[in-house]
Amino acid sequence: MNPTQTLAWQQLAMHARALEATHLRELFAADPDRAGHFSSKACGILLDYSKNRITADTLRELLALAEECALGSEIRAMFEGGEINNTEHRAVLHTALRAQGEVQVRVQGEDVIPAIREVRARCAAFSERVRSGEWLGYSGETITDIVNIGIGGSDLGPLMVCEALKPYADGPRLHFVSNVDSLHLTQTLAGLNPARTLFIIASKTFTTVETLTNARSARAWLVKAAGSESAVAKHFVAVSTNATKVAEFGIDTANMFGFWDWVGGRYSLWSAIGLPITLVIGAAGFDALLEGAADMDQHFRTAPFKDNLPVLLGLLGVWYVNFLDCRSQVVAPYNQTLHRLPAFLQQLDMESNGKQVRADGSPVDYATGPVIWGEPGTNGQHAFFQLIHQGTAVIPVDFILALSQPGQLANHRVSQIANCLAQSAALMQGKTADEVRAEMEAKGVATAEIETLLPHRVFPGNRPSNTLLLDDLSPRTLGALLALYEHKVFVQGKIWGLNSFDQWGVELGKQLASGIEQRLSAASGPRYDTSTEALLAYIGKSIS
Ligand code: F6P
(Lines give C-alpha, C1' and ligand atoms only; values in the text may rest on other atoms or scores of the structure.)
Protein backbone atom coordinates (compact mmCIF):
# COMPACT_ATOMS: atom_id res chain seq x y z
CA MET A 1 0.00 0.00 0.00
CA ASN A 2 1.17 3.51 -0.84
CA PRO A 3 0.61 5.55 2.37
CA THR A 4 0.33 8.76 0.38
CA GLN A 5 -2.96 7.42 -1.03
CA THR A 6 -4.60 7.34 2.39
CA LEU A 7 -7.02 10.00 3.50
CA ALA A 8 -5.00 10.61 6.66
CA TRP A 9 -1.87 11.36 4.62
CA GLN A 10 -3.72 14.02 2.62
CA GLN A 11 -5.13 15.49 5.82
CA LEU A 12 -1.73 15.53 7.45
CA ALA A 13 -0.20 17.31 4.46
CA MET A 14 -2.82 20.06 4.71
CA HIS A 15 -2.59 20.17 8.46
CA ALA A 16 1.23 20.57 8.31
CA ARG A 17 0.82 23.67 6.14
CA ALA A 18 -1.78 25.09 8.52
CA LEU A 19 0.47 24.51 11.52
CA GLU A 20 3.59 25.93 9.85
CA ALA A 21 3.34 29.37 11.43
CA THR A 22 2.50 28.15 14.93
CA HIS A 23 5.31 28.23 17.49
CA LEU A 24 5.56 25.64 20.22
CA ARG A 25 5.48 28.50 22.72
CA GLU A 26 1.95 29.30 21.52
CA LEU A 27 0.89 25.67 21.84
CA PHE A 28 2.15 25.56 25.42
CA ALA A 29 0.47 28.88 26.21
CA ALA A 30 -2.84 27.64 24.81
CA ASP A 31 -2.88 24.44 26.87
CA PRO A 32 -1.60 24.60 30.46
CA ASP A 33 -1.81 20.81 30.69
CA ARG A 34 -0.03 20.14 27.42
CA ALA A 35 2.55 17.89 29.14
CA GLY A 36 -0.29 15.84 30.61
CA HIS A 37 -2.10 15.59 27.29
CA PHE A 38 0.99 14.55 25.37
CA SER A 39 2.71 12.01 27.57
CA SER A 40 2.36 8.33 28.24
CA LYS A 41 4.06 5.88 30.57
CA ALA A 42 4.72 2.16 30.26
CA CYS A 43 7.26 -0.39 31.47
CA GLY A 44 9.16 2.10 33.63
CA ILE A 45 9.49 4.67 30.82
CA LEU A 46 7.75 8.03 30.72
CA LEU A 47 7.49 9.47 27.23
CA ASP A 48 6.85 13.21 27.26
CA TYR A 49 6.17 14.19 23.65
CA SER A 50 4.61 17.55 24.41
CA LYS A 51 7.57 19.47 22.95
CA ASN A 52 6.68 18.31 19.46
CA ARG A 53 5.11 20.45 16.79
CA ILE A 54 1.76 18.76 17.11
CA THR A 55 -1.77 19.45 18.25
CA ALA A 56 -4.58 17.09 19.17
CA ASP A 57 -5.57 17.18 15.46
CA THR A 58 -2.10 16.09 14.39
CA LEU A 59 -2.21 13.18 16.77
CA ARG A 60 -5.69 12.18 15.64
CA GLU A 61 -4.62 12.15 11.99
CA LEU A 62 -1.41 10.26 12.74
CA LEU A 63 -3.42 7.63 14.59
CA ALA A 64 -5.82 7.50 11.65
CA LEU A 65 -2.83 6.92 9.36
CA ALA A 66 -1.82 3.96 11.50
CA GLU A 67 -5.33 2.55 11.18
CA GLU A 68 -5.47 3.10 7.43
CA CYS A 69 -2.10 1.37 7.08
CA ALA A 70 -3.52 -1.60 9.04
CA LEU A 71 -0.81 -1.35 11.66
CA GLY A 72 -2.75 -3.56 14.08
CA SER A 73 -2.79 -6.56 11.79
CA GLU A 74 0.87 -5.98 10.85
CA ILE A 75 1.81 -6.14 14.54
CA ARG A 76 -0.15 -9.36 14.94
CA ALA A 77 1.53 -10.86 11.88
CA MET A 78 5.00 -10.22 13.32
CA PHE A 79 4.25 -11.71 16.73
CA GLU A 80 2.52 -14.71 15.19
CA GLY A 81 5.49 -15.65 13.03
CA GLY A 82 4.16 -14.46 9.67
CA GLU A 83 6.74 -14.46 6.86
CA ILE A 84 7.04 -10.68 6.97
CA ASN A 85 10.63 -10.63 5.73
CA ASN A 86 9.32 -11.41 2.27
CA THR A 87 12.57 -10.99 0.31
CA GLU A 88 14.30 -13.63 2.40
CA HIS A 89 11.15 -15.71 3.03
CA ARG A 90 11.59 -15.50 6.78
CA ALA A 91 9.53 -14.88 9.84
CA VAL A 92 10.74 -12.12 12.16
CA LEU A 93 10.67 -13.40 15.69
CA HIS A 94 13.10 -11.60 17.95
CA THR A 95 10.04 -11.18 20.18
CA ALA A 96 9.87 -14.98 20.64
CA LEU A 97 13.40 -14.90 22.07
CA ARG A 98 12.08 -12.99 25.07
CA ALA A 99 8.58 -14.43 25.32
CA GLN A 100 7.73 -15.29 28.93
CA GLY A 101 5.73 -18.08 30.51
CA GLU A 102 3.76 -20.80 28.79
CA VAL A 103 3.64 -19.74 25.16
CA GLN A 104 3.96 -21.32 21.79
CA VAL A 105 5.30 -19.53 18.74
CA ARG A 106 5.21 -21.51 15.53
CA VAL A 107 7.45 -21.21 12.50
CA GLN A 108 6.31 -23.47 9.67
CA GLY A 109 4.24 -25.43 12.15
CA GLU A 110 7.01 -25.96 14.70
CA ASP A 111 7.00 -24.34 18.14
CA VAL A 112 10.33 -22.49 18.45
CA ILE A 113 10.11 -21.78 22.18
CA PRO A 114 11.70 -25.07 23.45
CA ALA A 115 14.77 -24.58 21.23
CA ILE A 116 15.13 -20.94 22.34
CA ARG A 117 15.03 -21.93 25.99
CA GLU A 118 17.38 -24.84 25.48
CA VAL A 119 20.05 -22.54 23.96
CA ARG A 120 19.49 -19.96 26.68
CA ALA A 121 19.99 -22.62 29.35
CA ARG A 122 23.23 -23.72 27.65
CA CYS A 123 24.44 -20.10 27.53
CA ALA A 124 23.60 -19.69 31.22
CA ALA A 125 25.36 -22.92 32.20
CA PHE A 126 28.43 -22.07 30.14
CA SER A 127 28.57 -18.56 31.58
CA GLU A 128 28.33 -19.94 35.08
CA ARG A 129 31.25 -22.30 34.42
CA VAL A 130 33.37 -19.40 33.21
CA ARG A 131 32.25 -17.00 35.95
CA SER A 132 32.74 -19.54 38.74
CA GLY A 133 36.22 -20.48 37.54
CA GLU A 134 35.26 -24.01 36.58
CA TRP A 135 36.08 -23.45 32.90
CA LEU A 136 39.85 -23.59 32.54
CA GLY A 137 42.18 -22.53 29.76
CA TYR A 138 44.98 -24.61 28.21
CA SER A 139 47.33 -24.06 31.17
CA GLY A 140 44.69 -24.93 33.75
CA GLU A 141 44.08 -21.30 34.71
CA THR A 142 40.73 -19.59 35.00
CA ILE A 143 39.38 -17.10 32.45
CA THR A 144 39.81 -13.43 33.26
CA ASP A 145 39.07 -11.83 29.88
CA ILE A 146 36.50 -12.41 27.16
CA VAL A 147 36.96 -11.04 23.65
CA ASN A 148 33.82 -10.91 21.49
CA ILE A 149 34.74 -10.85 17.82
CA GLY A 150 31.82 -9.82 15.62
CA ILE A 151 30.52 -6.86 13.66
CA GLY A 152 27.20 -5.08 13.04
CA GLY A 153 24.43 -6.83 14.92
CA SER A 154 26.93 -9.37 16.26
CA ASP A 155 28.77 -6.57 18.02
CA LEU A 156 26.70 -3.43 18.56
CA GLY A 157 23.87 -4.95 20.61
CA PRO A 158 25.90 -6.87 23.20
CA LEU A 159 28.52 -4.09 23.31
CA MET A 160 25.91 -1.39 23.94
CA VAL A 161 24.12 -3.48 26.59
CA CYS A 162 27.32 -4.47 28.41
CA GLU A 163 28.34 -0.83 28.53
CA ALA A 164 24.89 0.28 29.68
CA LEU A 165 24.86 -2.30 32.47
CA LYS A 166 28.44 -1.84 33.61
CA PRO A 167 27.37 -1.05 37.18
CA TYR A 168 25.96 -4.60 37.33
CA ALA A 169 29.10 -6.29 35.93
CA ASP A 170 30.56 -8.92 38.23
CA GLY A 171 32.11 -11.36 35.77
CA PRO A 172 35.26 -11.47 33.67
CA ARG A 173 36.51 -8.38 31.84
CA LEU A 174 34.97 -7.97 28.43
CA HIS A 175 36.42 -6.63 25.19
CA PHE A 176 34.88 -6.21 21.75
CA VAL A 177 36.75 -6.38 18.47
CA SER A 178 34.88 -5.54 15.29
CA ASN A 179 37.07 -3.50 12.94
CA VAL A 180 39.12 -5.41 10.36
CA ASP A 181 41.86 -2.84 10.93
CA SER A 182 44.29 -5.13 12.75
CA LEU A 183 45.01 -2.50 15.37
CA HIS A 184 41.60 -3.07 16.90
CA LEU A 185 42.58 -6.67 17.58
CA THR A 186 46.24 -6.21 18.40
CA GLN A 187 45.65 -3.31 20.77
CA THR A 188 42.94 -5.30 22.52
CA LEU A 189 45.15 -8.37 22.86
CA ALA A 190 48.21 -6.38 23.91
CA GLY A 191 47.33 -6.41 27.59
CA LEU A 192 45.82 -9.90 27.70
CA ASN A 193 47.16 -13.25 28.81
CA PRO A 194 46.34 -15.90 26.15
CA ALA A 195 46.09 -18.61 28.82
CA ARG A 196 43.26 -16.72 30.52
CA THR A 197 41.45 -15.29 27.48
CA LEU A 198 38.30 -16.70 25.92
CA PHE A 199 37.13 -15.69 22.44
CA ILE A 200 33.50 -15.60 21.34
CA ILE A 201 33.29 -15.59 17.55
CA ALA A 202 29.87 -14.10 16.91
CA SER A 203 28.53 -14.19 13.39
CA LYS A 204 25.07 -15.13 12.25
CA THR A 205 26.34 -16.26 8.85
CA PHE A 206 29.90 -17.12 9.85
CA THR A 207 30.95 -15.77 6.47
CA THR A 208 31.58 -12.12 7.38
CA VAL A 209 35.08 -11.32 6.19
CA GLU A 210 35.96 -8.82 8.93
CA THR A 211 34.96 -11.23 11.67
CA LEU A 212 36.68 -14.25 10.20
CA THR A 213 39.86 -12.29 9.54
CA ASN A 214 39.96 -11.14 13.16
CA ALA A 215 39.05 -14.62 14.38
CA ARG A 216 41.91 -16.23 12.42
CA SER A 217 44.43 -13.76 13.78
CA ALA A 218 43.12 -14.29 17.30
CA ARG A 219 43.47 -18.03 16.87
CA ALA A 220 47.05 -17.62 15.61
CA TRP A 221 47.83 -15.47 18.67
CA LEU A 222 46.46 -18.13 20.98
CA VAL A 223 48.06 -21.10 19.24
CA LYS A 224 51.44 -19.37 19.19
CA ALA A 225 51.27 -18.82 22.93
CA ALA A 226 49.90 -22.28 23.73
CA GLY A 227 52.17 -24.10 21.30
CA SER A 228 49.33 -26.33 20.16
CA GLU A 229 46.14 -26.21 18.08
CA SER A 230 44.43 -28.24 20.78
CA ALA A 231 44.20 -25.09 22.92
CA VAL A 232 41.53 -23.71 20.54
CA ALA A 233 38.81 -25.92 22.06
CA LYS A 234 39.29 -24.32 25.48
CA HIS A 235 39.52 -20.75 24.23
CA PHE A 236 37.10 -20.39 21.32
CA VAL A 237 33.33 -20.60 21.31
CA ALA A 238 31.03 -19.57 18.48
CA VAL A 239 27.62 -17.97 18.26
CA SER A 240 26.08 -18.58 14.87
CA THR A 241 23.31 -20.07 12.77
CA ASN A 242 25.86 -21.85 10.57
CA ALA A 243 27.23 -25.00 12.20
CA THR A 244 29.00 -26.13 9.02
CA LYS A 245 31.10 -22.97 8.77
CA VAL A 246 31.80 -23.00 12.52
CA ALA A 247 33.18 -26.54 12.22
CA GLU A 248 35.17 -25.58 9.11
CA PHE A 249 36.78 -22.78 11.09
CA GLY A 250 37.91 -25.31 13.67
CA ILE A 251 35.57 -24.62 16.55
CA ASP A 252 33.99 -27.70 18.08
CA THR A 253 30.24 -27.38 17.52
CA ALA A 254 29.81 -28.58 21.11
CA ASN A 255 31.07 -25.08 21.92
CA MET A 256 28.65 -23.40 19.56
CA PHE A 257 25.52 -21.55 20.65
CA GLY A 258 22.97 -21.43 17.88
CA PHE A 259 20.22 -19.16 16.76
CA TRP A 260 17.93 -19.05 13.77
CA ASP A 261 17.42 -17.33 10.43
CA TRP A 262 14.26 -15.65 11.77
CA VAL A 263 16.43 -13.54 14.07
CA GLY A 264 17.75 -10.52 12.18
CA GLY A 265 21.34 -9.51 12.96
CA ARG A 266 20.35 -6.11 14.35
CA TYR A 267 17.62 -7.76 16.45
CA SER A 268 19.83 -10.56 17.75
CA LEU A 269 21.07 -9.37 21.14
CA TRP A 270 18.21 -11.32 22.75
CA SER A 271 19.56 -14.59 21.32
CA ALA A 272 22.87 -16.33 22.04
CA ILE A 273 24.47 -13.21 20.54
CA GLY A 274 23.78 -11.84 24.04
CA LEU A 275 26.22 -14.40 25.52
CA PRO A 276 28.72 -11.66 26.52
CA ILE A 277 25.93 -10.07 28.57
CA THR A 278 25.30 -13.30 30.46
CA LEU A 279 29.02 -13.75 31.03
CA VAL A 280 29.40 -10.29 32.48
CA ILE A 281 26.22 -9.72 34.52
CA GLY A 282 25.07 -13.32 34.96
CA ALA A 283 22.06 -15.23 33.65
CA ALA A 284 19.62 -13.58 36.06
CA GLY A 285 20.57 -10.13 34.73
CA PHE A 286 20.15 -11.29 31.14
CA ASP A 287 16.76 -12.80 32.02
CA ALA A 288 15.71 -9.45 33.51
CA LEU A 289 16.72 -7.72 30.26
CA LEU A 290 14.51 -10.17 28.36
CA GLU A 291 11.64 -9.64 30.80
CA GLY A 292 11.79 -5.89 30.28
CA ALA A 293 11.69 -6.34 26.52
CA ALA A 294 8.77 -8.77 26.92
CA ASP A 295 6.91 -6.15 28.99
CA MET A 296 7.31 -3.71 26.12
CA ASP A 297 6.23 -6.37 23.60
CA GLN A 298 3.06 -6.89 25.59
CA HIS A 299 2.46 -3.14 25.76
CA PHE A 300 3.03 -2.81 22.00
CA ARG A 301 0.61 -5.64 21.27
CA THR A 302 -2.16 -4.56 23.56
CA ALA A 303 -2.12 -0.85 24.45
CA PRO A 304 -4.43 1.40 22.47
CA PHE A 305 -2.43 3.25 19.83
CA LYS A 306 -3.04 6.59 21.55
CA ASP A 307 -1.14 5.38 24.64
CA ASN A 308 1.24 3.03 22.86
CA LEU A 309 4.83 4.20 23.23
CA PRO A 310 6.33 2.58 20.13
CA VAL A 311 3.34 3.64 18.02
CA LEU A 312 3.57 7.22 19.26
CA LEU A 313 7.32 7.45 18.72
CA GLY A 314 7.01 5.89 15.29
CA LEU A 315 4.18 8.15 14.15
CA LEU A 316 5.95 11.27 15.41
CA GLY A 317 8.94 10.22 13.34
CA VAL A 318 6.75 9.86 10.26
CA TRP A 319 5.29 13.31 10.93
CA TYR A 320 8.74 14.88 10.89
CA VAL A 321 10.19 12.94 7.97
CA ASN A 322 7.22 13.16 5.63
CA PHE A 323 5.35 16.31 6.59
CA LEU A 324 7.97 18.65 8.07
CA ASP A 325 10.86 17.43 5.91
CA CYS A 326 13.18 16.66 8.83
CA ARG A 327 15.56 14.04 7.50
CA SER A 328 17.66 13.43 10.54
CA GLN A 329 17.04 12.53 14.14
CA VAL A 330 19.32 12.90 17.14
CA VAL A 331 19.50 10.51 20.07
CA ALA A 332 20.96 12.11 23.19
CA PRO A 333 21.27 9.78 26.18
CA TYR A 334 22.21 11.60 29.38
CA ASN A 335 23.61 8.51 31.11
CA GLN A 336 27.22 7.90 30.19
CA THR A 337 26.81 4.13 30.17
CA LEU A 338 24.34 4.53 27.28
CA HIS A 339 27.13 5.98 25.17
CA ARG A 340 26.86 3.29 22.49
CA LEU A 341 23.07 3.54 22.24
CA PRO A 342 23.19 6.02 19.31
CA ALA A 343 25.46 3.66 17.36
CA PHE A 344 23.18 0.71 18.11
CA LEU A 345 20.11 2.69 17.04
CA GLN A 346 21.88 3.77 13.88
CA GLN A 347 22.10 0.18 12.72
CA LEU A 348 18.66 -0.70 14.03
CA ASP A 349 16.92 2.15 12.27
CA MET A 350 19.03 2.87 9.19
CA GLU A 351 19.66 -0.76 8.18
CA SER A 352 15.96 -1.48 8.68
CA ASN A 353 14.30 1.51 7.02
CA GLY A 354 16.99 2.82 4.69
CA LYS A 355 14.99 1.58 1.73
CA GLN A 356 13.62 3.10 -1.48
CA VAL A 357 11.26 0.36 -2.57
CA ARG A 358 8.25 -1.02 -0.76
CA ALA A 359 8.01 -4.63 0.34
CA ASP A 360 6.37 -5.46 -3.01
CA GLY A 361 9.30 -3.91 -4.91
CA SER A 362 7.45 -0.79 -6.07
CA PRO A 363 9.42 2.46 -5.68
CA VAL A 364 8.48 4.87 -2.93
CA ASP A 365 7.64 8.46 -3.83
CA TYR A 366 8.10 9.74 -0.28
CA ALA A 367 10.99 9.91 2.17
CA THR A 368 11.71 6.90 4.38
CA GLY A 369 14.26 6.27 7.15
CA PRO A 370 15.97 9.35 8.60
CA VAL A 371 19.65 9.70 9.43
CA ILE A 372 20.11 8.70 13.07
CA TRP A 373 22.99 10.15 15.01
CA GLY A 374 23.95 11.27 18.49
CA GLU A 375 26.25 11.17 21.46
CA PRO A 376 25.82 11.33 25.20
CA GLY A 377 23.86 14.52 25.85
CA THR A 378 26.16 16.71 27.87
CA ASN A 379 29.03 16.00 25.48
CA GLY A 380 26.82 16.76 22.49
CA GLN A 381 25.85 20.07 24.07
CA HIS A 382 29.46 21.17 23.83
CA ALA A 383 29.86 19.94 20.29
CA PHE A 384 26.98 19.73 17.83
CA PHE A 385 24.00 21.13 19.73
CA GLN A 386 24.81 24.58 18.32
CA LEU A 387 23.47 23.39 14.97
CA ILE A 388 20.33 21.98 16.53
CA HIS A 389 19.65 25.29 18.31
CA GLN A 390 20.52 27.77 15.60
CA GLY A 391 21.29 25.88 12.38
CA THR A 392 18.99 26.00 9.36
CA ALA A 393 17.78 22.41 9.63
CA VAL A 394 15.16 21.33 12.15
CA ILE A 395 16.43 18.17 13.83
CA PRO A 396 14.15 16.39 16.31
CA VAL A 397 15.93 15.07 19.39
CA ASP A 398 15.17 12.13 21.67
CA PHE A 399 16.44 13.05 25.13
CA ILE A 400 16.91 9.90 27.20
CA LEU A 401 17.58 9.99 30.91
CA ALA A 402 17.52 7.20 33.47
CA LEU A 403 16.72 8.72 36.82
CA SER A 404 18.72 6.33 38.92
CA GLN A 405 21.65 4.07 38.44
CA PRO A 406 23.87 2.30 40.95
CA GLY A 407 26.99 4.26 41.84
CA GLN A 408 25.77 7.76 40.99
CA LEU A 409 27.13 10.74 42.93
CA ALA A 410 24.22 12.85 44.16
CA ASN A 411 25.75 16.21 43.25
CA HIS A 412 26.49 15.10 39.67
CA ARG A 413 23.01 13.72 39.32
CA VAL A 414 21.37 17.08 39.83
CA SER A 415 23.51 18.64 37.12
CA GLN A 416 22.89 15.70 34.78
CA ILE A 417 19.12 16.07 35.13
CA ALA A 418 19.26 19.87 34.87
CA ASN A 419 21.23 19.74 31.64
CA CYS A 420 18.85 17.30 30.03
CA LEU A 421 15.74 19.29 30.91
CA ALA A 422 17.37 22.63 30.07
CA GLN A 423 18.24 21.58 26.54
CA SER A 424 14.77 20.43 25.60
CA ALA A 425 13.25 23.57 27.13
CA ALA A 426 15.73 25.81 25.30
CA LEU A 427 15.10 24.08 21.99
CA MET A 428 11.37 24.43 22.45
CA GLN A 429 11.11 28.01 23.63
CA GLY A 430 14.17 29.63 22.07
CA LYS A 431 14.94 33.24 22.90
CA THR A 432 13.29 36.19 21.17
CA ALA A 433 14.94 39.47 20.15
CA ASP A 434 13.04 41.27 22.90
CA GLU A 435 14.30 38.84 25.51
CA VAL A 436 17.89 39.15 24.30
CA ARG A 437 17.63 42.96 24.27
CA ALA A 438 16.19 43.12 27.78
CA GLU A 439 18.84 40.75 29.10
CA MET A 440 21.68 42.74 27.57
CA GLU A 441 20.24 46.08 28.67
CA ALA A 442 20.01 44.77 32.22
CA LYS A 443 23.73 43.98 32.02
CA GLY A 444 24.44 47.53 30.86
CA VAL A 445 25.60 46.63 27.34
CA ALA A 446 25.71 49.64 25.00
CA THR A 447 22.80 49.95 22.56
CA ALA A 448 25.00 49.74 19.44
CA GLU A 449 26.66 46.58 20.72
CA ILE A 450 23.25 45.09 21.53
CA GLU A 451 22.01 45.70 17.98
CA THR A 452 25.16 44.17 16.49
CA LEU A 453 24.97 41.04 18.59
CA LEU A 454 21.21 40.66 18.59
CA PRO A 455 20.82 38.44 15.49
CA HIS A 456 23.52 36.10 16.77
CA ARG A 457 21.98 35.74 20.18
CA VAL A 458 18.40 35.07 19.12
CA PHE A 459 17.29 31.42 19.24
CA PRO A 460 14.38 30.55 16.97
CA GLY A 461 13.11 27.82 19.30
CA ASN A 462 10.22 25.70 18.03
CA ARG A 463 12.72 22.84 17.80
CA PRO A 464 11.04 19.56 18.65
CA SER A 465 12.06 16.84 21.04
CA ASN A 466 10.84 13.84 22.99
CA THR A 467 11.97 13.23 26.54
CA LEU A 468 12.17 9.64 27.71
CA LEU A 469 12.59 9.34 31.46
CA LEU A 470 13.50 5.86 32.66
CA ASP A 471 12.78 4.98 36.28
CA ASP A 472 16.24 3.42 36.40
CA LEU A 473 18.87 1.86 34.21
CA SER A 474 18.32 -1.67 35.43
CA PRO A 475 18.51 -4.61 33.00
CA ARG A 476 14.71 -4.75 32.96
CA THR A 477 14.13 -1.11 32.06
CA LEU A 478 16.93 -1.20 29.50
CA GLY A 479 15.26 -4.21 27.88
CA ALA A 480 12.03 -2.24 27.65
CA LEU A 481 13.80 0.78 26.13
CA LEU A 482 15.48 -1.30 23.43
CA ALA A 483 12.26 -3.09 22.54
CA LEU A 484 10.56 0.30 22.38
CA TYR A 485 12.98 1.45 19.70
CA GLU A 486 12.77 -1.87 17.83
CA HIS A 487 9.02 -1.48 17.62
CA LYS A 488 9.23 2.20 16.73
CA VAL A 489 11.30 1.19 13.70
CA PHE A 490 8.70 -1.48 12.89
CA VAL A 491 5.87 1.05 13.04
CA GLN A 492 7.64 3.40 10.66
CA GLY A 493 8.56 0.57 8.31
CA LYS A 494 4.93 -0.50 8.16
CA ILE A 495 3.61 3.02 7.54
CA TRP A 496 6.14 3.35 4.70
CA GLY A 497 5.23 -0.11 3.42
CA LEU A 498 8.82 -1.38 3.65
CA ASN A 499 10.36 -4.69 4.48
CA SER A 500 12.39 -3.51 7.49
CA PHE A 501 14.09 -6.85 7.93
CA ASP A 502 16.36 -7.29 4.93
CA GLN A 503 19.53 -5.32 4.10
CA TRP A 504 20.42 -5.90 0.47
CA GLY A 505 22.08 -2.50 0.39
CA VAL A 506 25.16 -3.77 2.20
CA GLU A 507 25.78 -6.56 -0.32
CA LEU A 508 27.24 -4.57 -3.21
CA GLY A 509 30.03 -3.11 -1.08
CA LYS A 510 30.87 -6.60 0.20
CA GLN A 511 31.03 -7.97 -3.37
CA LEU A 512 33.25 -5.17 -4.60
CA ALA A 513 35.52 -5.46 -1.55
CA SER A 514 36.19 -9.10 -2.35
CA GLY A 515 37.18 -8.24 -5.95
CA ILE A 516 39.40 -5.40 -4.80
CA GLU A 517 41.04 -7.65 -2.23
CA GLN A 518 41.79 -10.04 -5.05
CA ARG A 519 43.35 -7.24 -7.08
CA LEU A 520 45.46 -6.07 -4.15
CA SER A 521 46.82 -9.52 -3.43
CA ALA A 522 47.14 -10.95 -6.95
CA ALA A 523 47.25 -7.94 -9.27
CA SER A 524 44.63 -9.71 -11.39
CA GLY A 525 40.85 -9.72 -11.01
CA PRO A 526 37.98 -7.46 -11.92
CA ARG A 527 38.57 -3.93 -13.22
CA TYR A 528 36.80 -0.89 -11.80
CA ASP A 529 36.00 2.72 -12.67
CA THR A 530 38.93 5.05 -13.39
CA SER A 531 38.86 6.65 -9.93
CA THR A 532 39.06 3.28 -8.18
CA GLU A 533 41.75 2.12 -10.62
CA ALA A 534 43.80 5.27 -9.95
CA LEU A 535 43.45 4.74 -6.20
CA LEU A 536 44.49 1.10 -6.59
CA ALA A 537 47.54 2.14 -8.58
CA TYR A 538 48.47 4.73 -5.96
CA ILE A 539 48.00 2.30 -3.06
CA GLY A 540 49.71 -0.54 -4.95
CA LYS A 541 52.98 1.37 -4.85
CA SER A 542 52.83 1.82 -1.09
CA ILE A 543 51.91 -1.73 -0.09
CA SER A 544 53.90 -3.74 -2.66
O1 F6P B 1 26.82 -6.04 6.76
C2 F6P B 1 25.66 -5.93 7.51
C3 F6P B 1 25.34 -7.18 8.20
O4 F6P B 1 24.79 -8.05 7.30
C5 F6P B 1 24.40 -6.92 9.39
O6 F6P B 1 23.09 -6.99 9.07
C7 F6P B 1 24.86 -7.95 10.37
O8 F6P B 1 24.44 -7.64 11.66
C9 F6P B 1 26.35 -7.90 10.17
O10 F6P B 1 26.50 -7.77 8.78
C11 F6P B 1 27.13 -9.08 10.69
O12 F6P B 1 26.72 -10.26 10.10
P13 F6P B 1 27.10 -11.66 10.71
O14 F6P B 1 26.52 -11.72 12.07
O15 F6P B 1 26.53 -12.66 9.78
O16 F6P B 1 28.60 -11.74 10.78
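Residues numbered from 1 in each chain as written. Predicted model: local features only at pLDDT ≥ 70, side-chain atom pairs only at ≥ 80, totals over all residues. Heavy atoms only, no water.

Going by the annotation in an unreviewed UniProt entry, the name recorded for the protein chain is Glucose-6-phosphate isomerase, with Uliginosibacterium aquaticum given as the source organism. Listed under Subcellular location (unreviewed entry) in UniProt, the entry text for the protein chain is "Cytoplasm". Turning to the protein chain, the UniProt annotation filed under Catalytic activity (unreviewed entry) states: "alpha-D-glucose 6-phosphate = beta-D-fructose 6-phosphate". (UniProt positions renumbered as here; feature names shortened; annotations may be inferred.)

Peer 1: Honestly, the sheet that holds strand E13 (residues 465-470) in this entry has me stumped. Any pointers?
Peer 2: Picture the strands of a sheet paired through backbone hydrogen bonds; they go either parallel or antiparallel. Pairing within the open sheet is mixed, and its six strands lie in the order E1-E2-E13-E12-E10-E11. Two strands close off the open sheet at either side, each with one partner strand: strand E1 (39-42) and strand E11 (371-374). Neighbour to neighbour, the strand axes of the sheet diverge by 15 degrees on average, direction disregarded. Pairing of strand E10 (residues 328-333) with E11, which is carried by four bridges, proceeds in the parallel orientation. Bridge pairing in E11 links Val331 to Gly374. Sheet strands in contact with helix H16 (residues 341-353) are E10, E11 and strand E12 (397-402), and its direction is about 175 degrees off that of E11. (Pairing = 2+ DSSP bridges. Helix = DSSP H or I, 4+ residues; strand = E, 2+ residues; numbered from the N terminus. Axes fitted to C-alpha atoms, helices over the stretch in contact; angles between N-to-C directions. Contact = heavy atoms within 4.5 Å.)

Peer 1: Mind showing me how you'd approach the layout of surface pockets here?
Peer 2: A water-sized probe, rolled over the atoms, reveals where empty space remains. Roughly 1000 Å³ of internal volume is contained in the largest pocket. If you go around the largest pocket, you meet 39 residues; those closest to its centre are Ile151, Thr205, Thr208, Val506 and Lys510. Of all the secondary-structure elements, those providing two or more residues to the lining of the largest pocket are helix H10 (209-226), H16 and helix H23 (507-522). Here the element with the most residues in the lining of the largest pocket is H23; it accounts for five residues. Partitioned by chemical class, the residues of the lining of the largest pocket number 13 nonpolar, 16 polar and 10 charged. The calculated volume of the second largest pocket comes to roughly 380 Å³. Tyr334, Gln336, Gln408, His412 and Gln416 are the residues nearest the centre of the second largest pocket, which is lined by 20 residues in total. Those elements that place two or more of their residues in the lining of the second largest pocket are helix H17 (377-381) and helix H19 (410-429). (1 Å grid on protein atoms, 1.4 Å probe; cavity = no way out; pocket = protein on both sides within 12 Å on 5 of 7 lines; lining within 4 Å. Points joined across faces, edges and corners; volume = space filled by probe spheres on them. Nonpolar A, V, L, I, M, F, W, Y, C, P; charged D, E, K, R; others polar.)

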